[in-house]
Structures are given as structure tokens and as C-alpha cells.
Amino acid sequence: MRTKAPAHLSLSAFPRDGLTWQVVGHGKIRAPTEVDEAACEVSLAEVGWDKVSWQPPAAARTCLIWIGVGQLPLTPVGSRWRDGAYQEEPPSKASRVEVVAASKKWSDLLLGRTAAYQLSPTAPWTPAYPLTEEAAAPLFRVVTGDGGMLWVPAIEVARATFGVTSQWLRLMIEGGMDIWPDLRGRIIDPERSRRYGEAGRSLRIWAYRGLDELDVLAAARICADHGLRYSFNQVCESLRRHGFGRSPTHVRMPFPFSRPSTWTVETRWVGVQAADGQLKKRHLVTRILHIEYDLGLDHVRVLHPGRVESDEEEVPFDAGSQRLRLRAQGDISQDVQVITGQASWSALGVMQKASLDQRASGGWTIEHIPVEPEELGAGKTKIVPVDGPIHAATTAGHGPKSERRGRLAIKLNIKDKVQAKMDVSRPPPARVASTIAALEKLSVDLRRDLEIIAPREGPGSDRIDGLWRYPADSGAGVLHWATTREGRQRRALVARLRGERGWIYFFEAEHLEIESDEPGGGTPSVIGQDGYSALCVLFYPGGDLMSADMIGDLLRVNALSRGVWTRPGLALPRMTVRRANAWLHDHGSYARAIKRAIGRLEGNPAEATPS
């Protein structure tokens, strides 16, 4: 059953003050954490700031907020918001320009401090463009076909060229193409995607899911042109080089286009105070609506997971093998608040709004070929509706073309009620509790702060719980081990300690425990459980934290291995500490065993992973 789209959508990050705010710039990028996706600094100015006057204008009222990069398609420069809700924009004054080249390969030019100006001593004053932090943002100076110059922020070039959807934006900012190989957010396999055919005018794209025309546009740019792919990868690499894991930093990248391209842009003349004190005018691109760039392609073939036609008889469905997936199937509230943070993956519904962006893929034909997945889940999944309307959600990108119907469609995803049907907060099981006690003792012995990492939203945010939930599926099929025999999502302890050259992470899965009754009615003892148990100790180098996606993916790989901690996709050094039943109460011995594992990781990380 299709869910009902909400009539009003509001973003939690915007001020709730009754004023109408306009987005005037995108600034620094903040690294993802264990509970939040990467975020972008957004500059806001109160609507009406650009009104000309005959007196020197006062400074505009401004503020800065942080928006998850997955929500940037919702908040382009020029968009207006009141109490977090989108407001209609005035008609666009966009123009088409031919961009011949950039004056420098890298975006290392700065706009400088903006200032009010007059065209002549008798002309009215034009207010200063209300940028504060973004005055130091890297820009390109591009040469147009008529010999003019345009200044354009690097982050806007990256967003318009590659960030065509929320998922592409997150992929570009958080990992480039050198991402966690099993990450659920991956879209294409660039190593297997290449040109073929006569003169290389056809492109084969290997995709991890079905692609719509916007996905094909971004994938073709990355896979068909080496310069574009290099520029895409350098967005994430430059953020890492400039330490965005320690403090927010700006996007820096090489100019992606080696040949002329045609842009549809909104521009504004701004006054800038130069270093010599003189006032100069810059023609600033505030928003890129569309970029046309000839990749020399006639045909694109997309190979994606899907059932292929077969003459074999359909295998009867065994109702006993059903698995439950919690998903909202009822109406969504008329007013939905979107939480800035990690996007979930359970689609609830689609919200449409007008968009000025042109949505053509390019002058090529597209062929979609389903390929049988390597791994398919057994049985079928029963969808269990979540009771009551949904009031809070996250965004997970654009809907397919059939849903957009020429308008921008944003998929809404459940955030805080995924486990509301059956999975309530409950205390950690005895073995997980003993691991927490051992880690707390170890942190005192090592004089290092211990942090139990709890998901920010959902039942795991309850202090009595504080555990992560295993992902319910792998993208190719249901992860049966991720659901316990009692029908609940399996949980995991996630914690970390500061190491000598990075972070030491700890992961332990929840197991259903088998207890023995003590003679005489004593306290039962845990003598067994439903699977292999070990504590995973993982070394994550550098100052950055593991993202929520990485943690979720590590749990997904663990579920695929039915609880065995296999080598992570990024080949991170790791050790496993096998549990001894005596450690259930002997936390000191348990802590010493964990300390030995940490010593091996920090002593020689390259050889710490057993063969």
C-alpha cells in the first residue's frame, strides 16, 4: 500500500522564530560521526536583506545552521524557509552561459569580505551579500564564452556536477569511490564500469541497485571521463587532507571539466573589499541549476541486481520461513519534521515539491539489464505496519522518475519508530553487561576515557538499552541471523577508547542465553547461547571517527557470517577475544585479556589480524 505524502515538511535544523530565512551560501563540511552523517554549514539571511536604499544599509540579520549533506538537495541557495518549512520562491532569473575553462586548476581563490557598494555617487546602495564564514570558501574563476568572468564556489560545482541526489552527495563527501566495500550506500562499481563498442561511444555501468536517469547521469560522468572521476574522488580526499575529522573545513577540488560546458545558473553582482582597501565587484554564481557536458556517449547499459526470466517452475512459498520487517504502511502525518542526521533505508513515502532544475540525463539511450544477484535471501518477508501516523523522518534522496513526474520528490524515511512494533528498550544481556564492566575497569587501568556509543535515535537512545540494532537485510536478501528466535532485531554493543595512533573500537553481538538452574533455587548461571561469541577489537587509525554507515555495515557483515567477526572490508587491523564463562563475573581477568589484544594492535597494527 502506498503511503500518503505529507502536506507540510519541515527541517529540524532551521530556526523556529516566525521569520522567513533565505539560504545564501553553503560553507564548511563537518565529518560524519557514529550517529550523524556528514553535515554542511548553511548561511541564512532574513528575507529582504537585498533591498536597495539611498542610505548606507545596515548589516543584514544572519545565522548559521548545520544540514546533513543528504538534505542539501532540499536547501539550494535562494530557497526560503519559515519555522523549518519550505516557502515558495520568486521566479528564477536563471541564464545559460558557456563555460570555457577555469583560470586555475584547483579551487584556491577566495572571494574576500563582502561590502555594500554604489554604481555611482548618485546611485542607491546595494547591500553587502550576507556571507560571513563563506567569505573564506574556495572558489573557481571561470571564463565564459563571451570573455566574461564568473566566480563560483567549489562546493556548488561539486554539488551540481556529482551530487544529483542525496545518496550521491553522501558518497562524494563521506567516502569518494574508495569506500567500505560492503557499504549499503554504495551505488556503482567503478572498476568494472567502462566504455566499450565502436570508438568507445557506449558505456557499461555495473550498479548495486536499479538506477534512474539522475543516477545514470552521475555514474556516466564518473565512469566515462577520467578528469571527472579524479575530481569526484578529490572532494573526499581533500577534506581528509585538511583534517575535517578534527574540525570542519571547506571543499577543495580540481576543476572537473577539460572541455567547454554549458551551465544554467543564477548569478549576483557582489561588492568585495580587496586586500589593498579598494572595492571591487565580482559576478558570483549563487546557484547552478544544470550543467550540460558532452561525454561522447551514444548508449549506456546499466547492469543491476534483479530477477532474470526463467522457465523453471516457481518454488512454493513456505509460510513458516517468513521474516518480519517493520515498516510504516499507514498514513504519514500531515506535518512531518525531518531530523538532520543519518538517513535510514526504509522508505515510507514521497513528498513532491516544485523544482527549477532541469532533469534531462543526456543525449544517449539507456538500457537496463537485470542480473541475478550473487546472494538471495531465502523465503519471503512479511511487512508489519507500525501503528499510528509518522511525525518524524529523515530524507534518503529523490524518488524515481515515475514518482517525480517532473517535480522534485523526496523520499521520507522512518527515523524513530523502526522498532516500535516489537523491539522495545531492554537491559543488555548478562554477557554484554560483563563486557561493559570489563571495559570500564580497563579504561580506569589505562587512564583512557571509555565511550559506549549509542545510536542517537530510536530505542537505542534509551539509557537502559544503549545498543545498536543489526541491519535487517544485506541489499541482496534478508539477514536471518539479524533477527533473534524471539522475533526481535539482534543488538550489538559498540564502544571505543582513545588509542595511541587512533581509536580502539569494541563490538559484541547479543546472543540469546541458555541458563541452568542452580540447586536449591540459587541464581541461574549462563551456560550457553545461540551462536559463536567473541569480542571484536578493531583499530581505526587517525583522528576521524567511524561513521554510522561503517558501523552498520560491519554489523551487516557480521550477520552474514552468522556472528563470526570476519576481516572488515577496509582490511582494518582487528583482534578477537574469545569469551570464557568465568569472565561473566571475573571482570579483572576479562579486562586483562582485552588489554593484551589492544597491546598487539598498537604494537604492530599491520600484523595484528590473524591469518
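This text follows the structure it describes.
This one's a predicted model, so the numbers in the text were calculated from it and none came from an experiment. (Residues numbered from 1 in each chain as written. Predicted model: local features only at pLDDT ≥ 70, side-chain atom pairs only at ≥ 80, totals over all residues. Heavy atoms only, no water.)

A. How the structure looks around the nonpolar core. Formed by 59 residues in total, the largest nonpolar core has its most connected members in I29, W168, I173, I188, M253, W263 and I288. Ranked by the residues each element gives to this core, the list is headed by helix 3 (residues 213–224), at 9 residues. With residues up to four places along the chain from it excluded, the contact list for W263 reads S95, R96, V97, V99, V152, V157, F255, F257, I288, H290 and I291. (Core = buried A, V, L, I, M, F, W, Y, C linked by side-chain atoms within 4.5 Å. Buried < 20%, exposed > 50% of the residue type's maximum accessible area, 1.4 Å probe, protein only. Helix = DSSP H or I, 4+ residues; strand = E, 2+ residues; numbered from the N terminus. Contact = heavy atoms within 4.5 Å.)

B. View of the pairing of strand 17 (residues 279–292). Bridging between strand 16 (residues 261–273) and strand 17 involves 12 bridges; their strand directions are antiparallel. From the neighbouring strand, Q273 faces strand 17, where its bridge partner is L279. What sits between the antiparallel neighbours strand 16 and strand 17 is a turn of 5 residues, in which G277 has the positive phi angle 90°. (Pairing = 2+ DSSP bridges.)

C. Structural view of the packing of helix 2 (residues 166–174) against helix 4 (residues 226–241). The N-to-C vectors of helix 2 and helix 4 enclose an angle of 50°; their axes lie 7 Å apart at closest approach. Classified by the angle their axes make, helix 2 and helix 4 are oblique. Taken together, the residues of helix 4 that come into contact with helix 2 (itself represented by W168, L171, M172, I173 and E174) are F232, V235, C236, L239 and R240. Its residues placed into classes, the contact of helix 2 with helix 4 shows 8 nonpolar, no polar and 2 charged. (Axes fitted to C-alpha atoms, helices over the stretch in contact; angles between N-to-C directions. Parallel < 35°, antiparallel > 145°, perpendicular 65-115°, else oblique. Nonpolar A, V, L, I, M, F, W, Y, C, P; charged D, E, K, R; others polar.)

D. Structural view of the sheet that holds strand 22 (residues 365–371). On the basis of which strands lie adjacent, the open sheet formed by 4 strands has the order 14-15-18-22 and mixed pairing. Only two strands of the sheet have a single neighbouring strand rather than two, namely strand 14 (194–196) and strand 22. Across the sheet, the axes of successive neighbouring strands diverge by a mean angle of 25°, strand direction being ignored. Relative to strand 15 (residues 202–206), helix 3 is tilted by about 110°, and along the sheet it contacts strand 14, strand 15, strand 18 (299–305) and strand 22.

E. Broad picture of the pattern of salt bridges. Taken as a whole and assessed by the stated rule, the structure comprises 17 salt bridges. One salt bridge in this structure joins R61 and E46, with 3.7 Å as the shortest N-O distance. Within this pair, whereas R61 is found in the loop between strand 3 (39–46) and strand 4 (62–68), its partner E46 is found in strand 3, the two being separated by 15 residues in sequence. Take E46: its relative accessible area is 26%, and that puts it in the partly exposed class. Between D298 and R201 there is a salt bridge, with the nearest N and O atoms lying 2.7 Å from each other. With D298 in the loop between strand 17 and strand 18 and R201 in the loop between strand 14 and strand 15, this pair connects stretches of sequence that are 97 residues apart. Judged by relative accessible area, which is 40%, D298 ranks as partly exposed. (Salt bridge = Lys/Arg side-chain N within 4 Å of Asp/Glu carboxyl O.)

F. Broad picture of the environment of P248. Structurally, P248 is set in the loop between helix 4 and strand 16. With relative accessibility at 30%, the residue P248 sits in the partly exposed group. As a C-alpha pair, P248 and R30 span 218 residues in sequence and 4.5 Å in three-dimensional space. In contact with P248, not counting residues within four places along its chain, are K28, I29, R30 and W66.

G. Layout of the packing of aromatic side chains. Inspection of every chain in the model, using the stated rule, returns 15 aromatic pairs. Here the aromatic rings of F140 and F255 are separated by 5.2 Å at their centres, their planes lie at 70°, and the arrangement is edge-to-face. Taken together, the residues F140 in strand 12 (residues 138–144) and F255 in the loop between helix 4 and strand 16 connect sequence positions 115 residues apart. Residues F140 and F255 agree in their burial class; the two are buried. Taking 5.8 Å as the distance between ring centres and 75° as the angle between the ring planes, the aromatic pair formed by F255 and F257 counts as edge-to-face. Residue class for F257 comes out buried when judged on its relative accessible area of 6%. Through pairs of rings, three or more aromatic residues link up here, namely F140, F255, F257, W263 and Y293. The ring of W503 carries the charged tip of R498 above its face, separated from the ring centre by 3.9 Å. (Phe/Tyr/Trp six-rings, centres within 6.5 Å; stacked < 30°, edge-to-face > 60°. Lys NZ or Arg CZ within 6 Å of the ring centre and 35° of its normal.)

H. Representation of unusual backbone geometry in the model. Positive phi is not limited to glycine here, since A199 has a value of about 60°. Note that A199 resides in the loop between strand 14 and strand 15. A199 sits in the exposed class, given a relative accessible area of 71%. With a phi close to 60°, R447 is a non-glycine residue in the positive phi region. Along the chain, R447 falls in the loop between helix 6 (430–446) and strand 26 (450–452). Accessibility expressed as a relative area gives 79% for R447, which makes it exposed.

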